[in-house]
Amino acid sequence: MNQSWVAFLPLFVKAAGITIWLSWLALMIGAFGGTLIALMRTSRFLPLRLVALLYTEFFRSIPILIVLFFAYFGVPLVLGIDLPPFAAATCALALHASSTMSEVVRAGIESVGKGQWEAAHASGMRYPAIMRYVVGPQAIRVILPPSVGVYVATLKESSLASIIGYIELTKTGLLVRESTGGGFAPLLVLAVIYFLINYAISLGGAALERRFDVGQKFLTVGAGQ
């Protein structure tokens, strides 16, 4: 006799944690890579801008499933390196996220007025200092809201890792469904868990956005006194 799917709830909870970790790690790597690509896109050197543009458009145009298959099946053939499912899924998600994050970061950088750049240069500030003290604090307010959307998208895309055998939330739900003889209930549980996770991420992003707005207003008022 098949066990009820309710008995598998601890597995769902554990799998949800695995999915959050996988997507968060991929996003952090993607954010770092996307920032580098965005800096290249805003560079004065044409070759750097072209390389960054090709990278961004290439990975934005390819379905994540193709990137995932290449990371898991193609890398061993091309480089002779066998990637475990977790590493392959992380790399694929990070590559896809970095192309999107590069556009988000670039939009944040370009949202800072040209006059502020010129004023910073005129005051003798170097590029790292300008990015840290002038551009960064203002760009983060533009970068944060779409970054939450990128994380939600990355988390949902992580469900495709089940195709290469990585046991995350979706794969766990499918295995539970098979173990309990099919039925709709395990899939409904999956949908509810994904909704709760993504809704919590959206709420957290909104709270951070309000905090940055309050901080910016405080600095504006203080500057005016």
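Residues numbered from 1 in each chain as written. Predicted model: local features only at pLDDT ≥ 70, side-chain atom pairs only at ≥ 80, totals over all residues. Heavy atoms only, no water.

So, about the packing of helix α3 (residues 64–78) against helix α4 (residues 85–110). Two elements in contact, α3 and α4, have axes whose closest approach is 8 Å; the angle formed by their N-to-C orientations is 140°. By the angle between their axes, α3 is oblique relative to α4. The way α3 lies across α4 gives a crossing that is right-handed. In this structure, α3 contributes I64, V67, L68, A71 and Y72 to the contact, and α4 contributes P85, A88, A89, A92, L93, L95 and H96. (Axes fitted to C-alpha atoms, helices over the stretch in contact; angles between N-to-C directions. Helix = DSSP H or I, 4+ residues; strand = E, 2+ residues; numbered from the N terminus. Parallel < 35°, antiparallel > 145°, perpendicular 65-115°, else oblique. Left-handed = near helix turned anticlockwise from the far one by under 90°. Contact = heavy atoms within 4.5 Å.)

The next point concerns the nonpolar core. F12, W117, V135, L169, I193 and I201 are the most contacted members of the largest nonpolar core, which has 34 residues in total. Of all the secondary structure elements, the ones that give two or more residues to this core are α1 (9–41), α4, α5 (114–122), α6 (127–157), α7 (169–179) and α8 (185–224). Per-element tally for this core: the top contributor is α6, with 11 residues. Excluding its chain neighbours within four sequence positions, the residues that come into contact with L169 are F12, A15, A16, T19, L190, I193 and Y194. With 15 residues, the next largest nonpolar core counts A71, A88, A161 and I164 among its residues. (Core = buried A, V, L, I, M, F, W, Y, C linked by side-chain atoms within 4.5 Å. Buried < 20%, exposed > 50% of the residue type's maximum accessible area, 1.4 Å probe, protein only.)

It is worth spelling out α6 at this point. When the terminal C-alpha atoms of α6 are compared, their 36 Å separation across 31 residues is substantially less than the 45 Å that a helix rising 1.5 Å per residue should span. Taken as a whole, α6 carries its principal kink of about 55° at V135; the proline P137 stands between one and four residues after it. (Expected span 1.5 Å × (residues − 1). Bend = angle between axes of the 7 residues up to and from the residue.)

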